[in-house]
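Structure at a glance
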Amino acid sequence: EVQLVESGGDLVQPGGSLRLSCAASGFAFSSYWMNWVRQAPGKGLEWVANIKHDGSETYSVDSVKGRFTISRDNAKNSLYLQMNSLGAEDTAVYYCARDVGAHHGMDVWGQGTTVTVSS
Amino acid sequence: QFVLTQPPSVSGAPGQRVTISCTGSSSNIGAGYDVHWYQQLPGTAPKLLIYGNTNRPSGVPDRFSGSKSGTSASLAITGLQAEDEADYYCQSYDRRLSGSRVFGTGTKVTVL
């Protein structure tokens, strides 16, 4: 079964750091671009970052540039999001999603992990 | 960075047809990029509903259909059912934002 399972979400103080993980199974993880997408409470979906299948290219939304780093370990079938200098605006459910290209969208999503930034 | 605009809500009675618009610009939908649609049922992760403007993944009922014209795209639900009550998001790409994916603002569909 094709599956993505996120973990690492937690309550963290403003200015703190957190590392999210996404474990992939059931498909050739190293062949796909991967994304992080977040959803603040009661709000819409926001694309956060993505990474090429071999890790050679990464892109992110302006609001997280310089604070968040996306990475992957293809040997471990895992995707990561290192989040630093967290603020209240980063409070959200974070989803990882498999990207099957510009003509096919994001076809597999994890269940999400919750990040709450609060003192 | 919401660059795709959707109506906040649409509603319809069971069996009716509803449409959701996704309005972009010459930098995204109008530049020829494909539009995809996602359905998010309450308390769950998004699910790919339509890809490549008009295509349904396996298992998606044919009452869901997509179209694209110019700088806009639309999702139509015909024969509306109670289980279609959800949030719907369009998604595309924008040539001003390197490597990025952009989502629409989202539409809540209510079945009356």
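Preceding this paragraph is the structure being described.
Here the structure is a predicted model, which is why all the values come from computation and not from measurement.

1. Digging into the overall build of chain A
When helices and strands are counted, chain A shows 0 helices and 11 strands. Starting at the N terminus and walking to the C terminus, you meet the elements of chain A as β-β-β-β-β-β-β-β-β-β-β. Sorting the 119 residues of chain A into buried and exposed places 47% on the buried side. Considering only contacts in chain A between residues 6 or more positions apart, those separated by 24 or more positions represent 53%. For chain A, the computed accessible surface area is about 5,200 Å², with 46% contributed by carbon and sulfur atoms. Within chain A, one finds 9 positive and 12 negative side-chain charges whose respective centroids are separated by 2 Å.

2. So, the interface of chain A and chain B
Taken together, the contacts link 24 residues of chain A with 20 residues of chain B. Joining chain A to chain B, the criterion identifies 1 salt bridge. At the boundary of chain A with chain B, the tally comes to 10 residue pairs in polar contact (both at pLDDT 80 or more). Of all elements in the fold, only β4 (33-39), β5 (45-51), β9 (92-99) and β10 (106-109) of chain A reach the threshold of two or more residues within the side of chain A that touches chain B. In terms of residue count, the dominant contributor to the side of chain A that touches chain B is β5(A) (4 residues). Among the residues making up the side of chain A that touches chain B, the classes are represented as 9 nonpolar, 10 polar and 5 charged.

3. Focus: the sheet that holds strand β6 (residues 72-77) of chain B
Residue and element names in this part refer to chain B. The strand order across the open sheet built from 3 strands is β2-β6-β5, with neighbouring strands paired in antiparallel fashion. A single partner strand is all that each edge strand has here, and the edge strands are β2 (18-23) and β5 (64-69). Neighbour-to-neighbour, the strand axes of this sheet turn through a mean angle of 20 degrees, independent of strand direction. Bridge analysis of β2 against β6 gives 6 bridges, and the strand direction is antiparallel. Its bridge partner being in β6, Val18 is matched across the sheet by Ile77.

4. Notes on the sheet that holds strand β7 (residues 68-73) of chain A
All names here are of chain A. Strand order across the open sheet formed by 4 strands is β1-β3-β8-β7, with antiparallel pairing between neighbours. With partners counted over all chains shown, the strands left at the sheet margins are β1 (3-7) and β7, one partner each. Across the sheet, the axes of successive neighbouring strands diverge by a mean angle of 15 degrees, strand direction being ignored. Pairing between strand β3 (residues 18-25) and strand β8 (residues 78-83): 6 bridges, direction antiparallel.

5. A few points about the pattern of salt bridges
On inspection of all chains with the given rule, the structure shows 9 salt bridges over all chains. Residue A:Arg38 pairs with A:Glu46 through a salt bridge whose shortest N-O separation is 2.8 Å. The same class applies to A:Arg38 as to A:Glu46, namely buried. Between A:Asp99 and B:Arg101 there is a salt bridge, and its shortest N-O distance comes to 2.7 Å.

6. Comments concerning the packing of aromatic side chains
Tallying each qualifying case throughout the model produces 9 aromatic pairs over all chains. With centroids separated by 5.5 Å and ring planes inclined at 80 degrees, the aromatic side chains of A:Phe27 and A:Tyr32 adopt a geometry described as edge-to-face. One aromatic cluster is present, built from ring pairs that chain together A:Tyr95, A:Trp109, B:Tyr38 and B:Phe103. Across from the ring centre of A:Tyr80, 3.9 Å away, lies the NZ or CZ of A:Arg19, which sits over that ring. When the ring centre of A:Phe27 is taken as reference, the NZ or CZ atom of A:Arg98 above it lies at 4.7 Å.

7. Regarding the pairing of strand β9 (residues 107-111) of chain B
Residue and element names in this part refer to chain B. Of the two faces of β9, only one is covered, namely that formed by Thr107, Val109 and Val111; the face formed by Lys108 and Thr110 stays uncovered. Note: strand β1 (residues 9-12) against β9, 4 bridges, orientation parallel. Following the sheet pairing, Ser9 is matched in β9 by Lys108. As defined by bridge partners, strand β7 (residues 86-92) adjoins β9 across 3 bridges and the pair is classed as antiparallel. Looking at the pairing, Asp87 lines up with Lys108 of β9.

Definitions and limits used
- Residues numbered from 1 in each chain as written.
- Chains lettered and ligands numbered in written order.
- Predicted model: local features only at pLDDT ≥ 70, side-chain atom pairs only at ≥ 80, totals over all residues.
- Heavy atoms only, no water.
- Helix = DSSP H or I, 4+ residues; strand = E, 2+ residues; numbered from the N terminus.
- Buried < 20%, exposed > 50% of the residue type's maximum accessible area, 1.4 Å probe, protein only.
- Contact = heavy atoms within 4.5 Å.
- Areas by Shrake-Rupley, 256 points an atom, 1.4 Å probe, with all protein chains shown as cover.
- Lys, Arg positive; Asp, Glu negative; His and termini not counted.
- Charge placed at Lys NZ, Arg CZ, Asp CG, Glu CD.
- Salt bridge = Lys/Arg side-chain N within 4 Å of Asp/Glu carboxyl O.
- Polar contact = N/O pair within 3.5 Å; in protein donor to acceptor, adjacent residues only side chain to side chain.
- Nonpolar A, V, L, I, M, F, W, Y, C, P; charged D, E, K, R; others polar.
- Pairing = 2+ DSSP bridges.
- Axes fitted to C-alpha atoms, helices over the stretch in contact; angles between N-to-C directions.
- Phe/Tyr/Trp six-rings, centres within 6.5 Å; stacked < 30°, edge-to-face > 60°.
- Lys NZ or Arg CZ within 6 Å of the ring centre and 35° of its normal.

Remember, this is a structural readout, not a statement about activity or role.
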